[in-house]
Amino acid sequence: MRAALGVLADVFFVLAFVVVGRANHEAGESLAGVASTAWPFLAGLAIGEVATRAWRRPAALVPTGVGVWVATVAFGQVLRVVSGQGTDFVFAAFLGLFLIGWRLAAARILAVRSRPASRNGGGHW
């Protein structure tokens, strides 16, 4: 179950990146346009998920998060060039923000939730 949620989170954030990017460039949000922009990154994401065995530790920052991010950017950029689409360094930054960011947020939430309650009434003043 956690593995499926990790993959779904990654796919969601790649698609969010694509939709936001297309909206910022006024490229439109048609399904065909989103699919055309997304497929290279989704293919890179799939390679990264398999290469890092993301199903084992989907929320791990290292190696899963970093490996998935690097594969998504590297293969995504190469596939965009091969398919006649443009590339930009900004893609790496935003994909890193999303693919690393949700894992950092999840780690923080888990750390806070797993902290034992304080002896003085749950930590309230």
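The coordinates are above.
Below is a summary of the structure that appears in this document. All figures in this text were calculated on a predicted structure; none of them were measured in a lab.

With respect to the side chain of threonine 52
Along the chain, threonine 52 falls in the loop between helix 2 (31-51) and helix 3 (61-82). A distance of 2.8 Å separates the side chain of threonine 52 from the backbone oxygen of glycine 48, its partner in a polar contact.

Things to note about the layout of surface pockets
Approximately 360 Å³ is the volume found for the largest pocket. Top contributing element to the lining of the largest pocket by residue count: helix 1 (residues 2-24), with six residues. Within the lining of the largest pocket, the residues separate by chemical class into nine nonpolar, four polar and three charged. When its volume is computed, the second largest pocket comes out at roughly 210 Å³. For the second largest pocket, the full set of lining residues is Arg2, Leu5, Gly6, Ala9, Arg57, Pro58, Ala59, Ala60, Trp102, Ala106 and Leu110. If you list the elements that add at least two residues to the lining of the second largest pocket, you get helix 1 and helix 4 (89-114).

A few points about the nonpolar core
Ranked by internal contacts, the top residues of the largest apolar core, which has 13 residues, are Val14, Phe17, Val18, Phe41 and Leu95. Those elements that place two or more of their residues in this core are helix 1, helix 2, helix 3 and helix 4. With near-sequence residues (within four places) excluded, valine 18 lies in contact with Val34, Thr37 and Ala38.

Overview of the packing of helix 1 against helix 4
Each pair of packed helices can be described by the angle between their axes along with the distance between the axes. Running from N to C, helix 1 and helix 4 point in directions that differ by 150°, and their axes come no closer than 10 Å. Of the possible angle classes, the one that applies to helix 1 and helix 4 is roughly antiparallel. For the element pair helix 1 and helix 4, the recorded crossing hand is right-handed. Contacts from Gly6, Ala9, Asp10, Phe13, Val14 and Phe17 in helix 1 reach Phe91, Phe94, Leu95, Phe98, Leu99, Trp102 and Arg103 in helix 4. When its residues are assigned to classes, the contact of helix 1 with helix 4 shows 10 nonpolar, one polar and two charged.

As for helix 3
Helical periodicity: at 3.6 residues per turn, an α-helix aligns residues three or four positions apart in one direction. The end-to-end C-alpha distance of helix 3 is 30 Å, a good match for the 32 Å that 22 residues give at a rise of 1.5 Å each. On its buried face, helix 3 sits against helix 1, helix 2 and helix 4.

Examining a nonpolar patch on the surface
Together, Leu61, Val62, Val66, Val70 and Leu104 give the surface a local cluster of nonpolar side chains, amounting to about 400 Å² of exposed area. The leading source of residues in the nonpolar patch is helix 3, at four residues. Mapped onto the fold, leucine 104 is located in helix 4. On the accessibility criterion, leucine 104 (47% relative accessible area) is partly exposed.

Details of helix 2
If you check helix 2, its first and last C-alpha atoms are 29 Å apart, about what 21 residues at 1.5 Å a residue would give, namely 30 Å. At alanine 38, helix 2 is deflected by roughly 40°, the largest bend along its length, and proline proline 40 occurs up to four residues later in sequence. Of all the residues in helix 2, the buried ones are Gly33, Val34, Thr37, Ala38, Pro40, Phe41, Gly44, Leu45, Gly48 and Glu49. Where helix 2 is buried, its residues contact helix 1, helix 3 and helix 4.

Conventions adopted
- Residues numbered from 1 in each chain as written.
- Predicted model: local features only at pLDDT ≥ 70, side-chain atom pairs only at ≥ 80, totals over all residues.
- Heavy atoms only, no water.
- Helix = DSSP H or I, 4+ residues; strand = E, 2+ residues; numbered from the N terminus.
- Polar contact = N/O pair within 3.5 Å; in protein donor to acceptor, adjacent residues only side chain to side chain.
- 1 Å grid on protein atoms, 1.4 Å probe; cavity = no way out; pocket = protein on both sides within 12 Å on 5 of 7 lines; lining within 4 Å.
- Points joined across faces, edges and corners; volume = space filled by probe spheres on them.
- Nonpolar A, V, L, I, M, F, W, Y, C, P; charged D, E, K, R; others polar.
- Core = buried A, V, L, I, M, F, W, Y, C linked by side-chain atoms within 4.5 Å.
- Buried < 20%, exposed > 50% of the residue type's maximum accessible area, 1.4 Å probe, protein only.
- Contact = heavy atoms within 4.5 Å.
- Axes fitted to C-alpha atoms, helices over the stretch in contact; angles between N-to-C directions.
- Parallel < 35°, antiparallel > 145°, perpendicular 65-115°, else oblique.
- Left-handed = near helix turned anticlockwise from the far one by under 90°.
- Expected span 1.5 Å × (residues − 1).
- Patch = residues over 30% accessible without salt bridge, like charges linked within 9 Å, V, L, I, M, F, W, Y side chains within 5 Å.
- Areas by Shrake-Rupley, 256 points an atom, 1.4 Å probe, with all protein chains shown as cover.
- Salt bridge = Lys/Arg side-chain N within 4 Å of Asp/Glu carboxyl O.
- Bend = angle between axes of the 7 residues up to and from the residue.

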